[in-house]
Amino acid sequence: QVQLVESGGGLVQAGGSLRLSCAASGRTFSRNVMAWFRQAPGKEREFVAAVNWSGASTKGRFTISMDNAKNTVYLQMNSLKPEDTAVYYCAAVLNSQRIRITPREYDYWGQGTQVTVSS
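Right, let's walk through the structure included here. Keep in mind that this is a model prediction, so the values were computed, not measured. (Residues numbered from 1 in each chain as written. Predicted model: local features only at pLDDT ≥ 70, side-chain atom pairs only at ≥ 80, totals over all residues. Heavy atoms only, no water.)

## Structural notes on unusual backbone geometry
Okay, so step 1: Phi at N71 is positive, roughly 50°, even though this residue is not glycine.
Okay, so step 2: With respect to the secondary-structure elements, N71 resides in the loop between β6 (63–67) and β7 (72–77). (Helix = DSSP H or I, 4+ residues; strand = E, 2+ residues; numbered from the N terminus.)

## Overview of the nonpolar core
Nonpolar side chains in soluble globular proteins tend to be buried together.
Okay, so step 1: If you look at the biggest cluster of nonpolar residues, it comprises 28 residues, and the most contacted ones within it are L4, M34, W36, V73, L75, M77 and Y88.
Okay, so step 2: Listing elements by their share of this core, those giving two or more residues are β1 (2–7), β3 (18–26), β4 (32–39), β5 (46–52), β6, β7, β8 (86–94) and β10 (113–118).
Okay, so step 3: Top element by residues in this core is β8. It accounts for five residues.
Okay, so step 4: Residues A35, A50, A91 and Y106 belong to the second largest nonpolar core, which totals seven residues. (Core = buried A, V, L, I, M, F, W, Y, C linked by side-chain atoms within 4.5 Å. Buried < 20%, exposed > 50% of the residue type's maximum accessible area, 1.4 Å probe, protein only.)

## Observations concerning the pattern of salt bridges
Okay, so step 1: Counted under the stated rule, the structure contains four salt bridges.
Okay, so step 2: When the shortest N-O distance is used, the salt bridge between R38 and E46 registers 2.8 Å.
Okay, so step 3: Given a relative accessible area of 13%, R38 falls into the buried group.
Okay, so step 4: Owing to a relative accessible area of 39%, E46 belongs among the partly exposed residues under this scheme. (Salt bridge = Lys/Arg side-chain N within 4 Å of Asp/Glu carboxyl O.)

Quick look at the structure:
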């Protein structure tokens, strides 16, 4: 069993920054793919970014990184906009290096952390 615990969410003004963290514990392996998704009220869960154990990652508005030694993944979010308001979820799949972008491809999920961006 793997546990994922997110932290770092909160309330920020538009244009501000936040860094989310997700710590994995339990039955973890050295070669994982970890990702961030988000879900706003009334909307489907949306892919944000993913990274694998070798450092390969998706490119987008936010920067994802992984510290393998700490089994922790980070999401650096800059220039936040009100439309970024959502619950942000961490997800993981073990023993893989293939980047996945759909929720159903991930086996483990955190409980989510709320990010609210005010205008």
